[in-house]
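Topology and contacts: notes
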Amino acid sequence: MSQVGAITHRLVPSPAGRVHLVEQGTGPLVLLVHGFPECWYSWRHQVPALAAAGYRAVAIDVRGYGRSSRPEGVAAYGMRALVEDNVAVVHALGERTAVVVGHDWGSTIAADSALLRPDVFRAVGLLSVPYAPRGGPRPSEVFARMGGDEEFYVGYFQEPGRAEAEIEPDVRGWLAGIYAALSADTMPPAGAPDPHFVSRGGTMRDRFPTGRLPAWLSEDDLDVYAGEFERTGMSGALARYRNMDRDWADLADFDGSPITQPSVFAGGALDASTMWMADAIEAYPTTLPGLVSSHLLDGCGHWIQQERPEEVNALLTGWLAALPA
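Below you will find a few notes about this structure. (Residues numbered from 1 in each chain as written. Predicted model: local features only at pLDDT ≥ 70, side-chain atom pairs only at ≥ 80, totals over all residues. Heavy atoms only, no water.)

Comments concerning the packing of aromatic side chains
The condition is simple: Pairing of aromatic rings covers Phe, Tyr and the six-membered ring of Trp, with a centre-to-centre limit of 6.5 Å; geometry is then stacked below 30 degrees between planes, edge-to-face above 60, and tilted otherwise. Helix and strand assignments come from DSSP, with helices taken as H or I runs of at least 4 residues and strands as E runs of at least 2, each series counted from the N terminus. For every residue, the accessible area (1.4 Å probe, protein chains only) is compared with the maximum for its type, and the residue is labelled buried under 20%, exposed over 50%, or partly exposed between those bounds.
Scanning all chains against the criterion turns up 22 aromatic pairs. Between F36 and Y241, the aromatic rings sit 5.3 Å apart at their centres with planes inclined by 85°, giving edge-to-face as the arrangement. Linking F36 in the loop between β3 (29-33) and α1 (46-52) with Y241 in the loop between α9 (235-238) and α10 (244-250), this pair joins segments that are 205 residues apart in sequence. Per residue, the accessibility class of F36 equals that of Y241, and both read buried. Measuring from ring centre to ring centre gives 4.8 Å for F157 and Y241, while their planes differ by 65°; the resulting arrangement is edge-to-face. With F157 in the loop between α5 (153-156) and α6 (162-167) and Y241 in the loop between α9 and α10, the pair connects residues that are 84 residues apart, well separated along the chain.

Written as structure tokens, this is what we have:
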């Protein structure tokens, strides 16, 4: 493995103002996009591994998170705006093209970046959340039908201020709970109330496990995440969920569209995202015709690149090495 410099922090211009990023290494650009509720730090294991493998690894704080700009108004967090932020980062770094890799919401942002700007994003890696082309009913109609007497968490997040009132009085405790709820070693046992759903009049926290952190998350790691959200609040991050109907309308021209660039997918076998979206994974020959490989990691939950960093690093570096120059 080659010697690389230390991780550096930068702010670069974007349509919203500025994007904060961390950068390490030289070579082809690999842009890493985090999910909810995280920040660039969720890629702390991948940035040095990619840099050592000969890549310019860049992990961003998505608009609304961390040290990136937090514009006013829910509409400022639509998918097209997030894609243009990614394009702005590539250009601000003096590059014309990049490979984009995302986790959770970042997986959807990465997929749409490849879909909307194939001139910039030459390959796409998706972690935890499978690619599913735009289509079907309006998302809010789908959420409303889920859960029966309970409320699906995405629906719970829709009303501005509601989830903030639950989370912000104890950000650190809430984050510890959601990380534990979706981690393989601390998630509720089979048959327990599902933390993805909220009892009428209840909160998400009611179903979070307590007492210990997942093995991948140290107290210091939790402090990093909590410190960011205690400073910024949760509204910018939650605005991503509040744009799903707007995105559905804005991306109507891409209904059913495949992503044709080289791609890779990896998810946790114990992650609800991969179980609920099993049909999307089965459809990859049609929806991801450039798919190089697809992986489900046994005994892994949702936070795949933090739960199983060595395996994810090996998958990504192997895939990247095989891409056309």
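Quick word on the layout of surface pockets
Rolling a probe over the atoms, with the probe sized like a water molecule, indicates the empty space that remains. Selection rule: Buried and open spaces are told apart on a 1 Å grid over the protein atoms alone, a cavity being a set of points where a 1.4 Å probe fits but cannot get out and a pocket being an open set with protein on both sides within 12 Å along at least five of seven lines. Residues with an atom within 4 Å of a point are the lining residues. Grid points are joined across faces, edges and corners, and a volume is the space filled by probe spheres set on the points. The residue classification treats Ala, Val, Leu, Ile, Met, Phe, Trp, Tyr, Cys and Pro as nonpolar and Asp, Glu, Lys and Arg as charged. All others, Gly included, are polar.
Of the volumes computed, that of the largest pocket is approximately 1200 Å³. In terms of lining, the largest pocket is formed by 47 residues, of which the most central are W105, V129, F143, M244 and M277. The set of elements that each furnish at least two residues to the lining of the largest pocket consists of α3 (105-116), α4 (139-145), α5, α7 (171-181), α10 and α11 (272-276). In terms of residue count, the dominant contributor to the lining of the largest pocket is α3 (six residues). Of the residues assigned to the lining of the largest pocket, the class counts are 34 nonpolar, seven polar and six charged. The calculated volume of the second largest pocket comes to roughly 290 Å³. Along its surface, the second largest pocket is lined by 17 residues, and M187, P188, D194, P195 and H196 are the ones closest to its centre. Of the residues in the lining of the second largest pocket, the class split is twelve nonpolar, three polar and two charged.

Side note on the pattern of salt bridges
What counts here: The working definition used for a salt bridge is a side-chain nitrogen of Lys or Arg within 4 Å of a carboxyl oxygen of Asp or Glu.
One pass over the structure, following the stated rule, counts 17 salt bridges. R117 is the partner of E84 in a salt bridge, and the nearest nitrogen-oxygen pair spans 3.4 Å. With E84 in helix α2 (residues 79-92) and R117 in the loop between α3 and β6 (121-127), this residue pair connects regions lying 33 residues apart in the sequence. Residue E84 is classed as partly exposed on the basis of its relative accessible area of 33%. Its salt-bridge partner being R117, residue D119 comes within 2.9 Å of it at the nearest N-O pair. Under the relative-accessibility criterion, D119 is labelled partly exposed at 48%. Several salt bridges converge on common partners, so that one network encompasses R10, E23, R56 and E95.

Things to note about unusual backbone geometry
Of note, the amide linkage connecting F36 to P37 takes the cis form, showing an omega dihedral of -10°. Mapped onto the elements of the fold, P37 is located in the loop between β3 and α1. In the Ramachandran plot, D104 falls in the positive-phi region, its phi being about 60° despite a non-glycine side chain. You can see D104 is positioned in the loop between β5 (98-103) and α3. Overall, the relative accessible area of 9% leaves D104 in the buried class.

Observations regarding the side chain of H20
Basically, it comes down to this: Any N or O atom pair separated by 3.5 Å or less is treated as a polar contact, with the protein-specific requirement of one donor-capable and one acceptor-capable atom, and with residues adjacent in sequence counted only for side-chain atom pairs. Two residues qualify as a contact provided that any one of their heavy atoms is within 4.5 Å of a heavy atom in the partner residue.
Looking at the element boundaries, H20 is found in strand β2 (residues 17-24). A distance of 2.8 Å separates the side chain of H20 from the side chain of D61, its partner in a polar contact. If near-sequence neighbours (up to four positions away) are discounted, H20 is found in contact with H9, R10, L11, W40, A59, I60, D61, R67 and S68.

Thoughts on the environment of T186
By the secondary structure assignment, T186 is in the loop between α7 and β8 (197-198). By relative accessible area, T186 is classed as buried at 8%. Once the C-alpha coordinates of T186 and T210 are considered, the two residues, 24 residues apart in sequence, prove to be 8.9 Å apart. Those residues in contact with T186, other than ones at most four positions away along the chain, are A180, P209, R212, L213 and P214. Reaching out from T186, the side chain makes a polar contact with the backbone oxygen of A180 at a distance of 2.8 Å.

In short, the description is geometric, and any link to function would need to be established separately.
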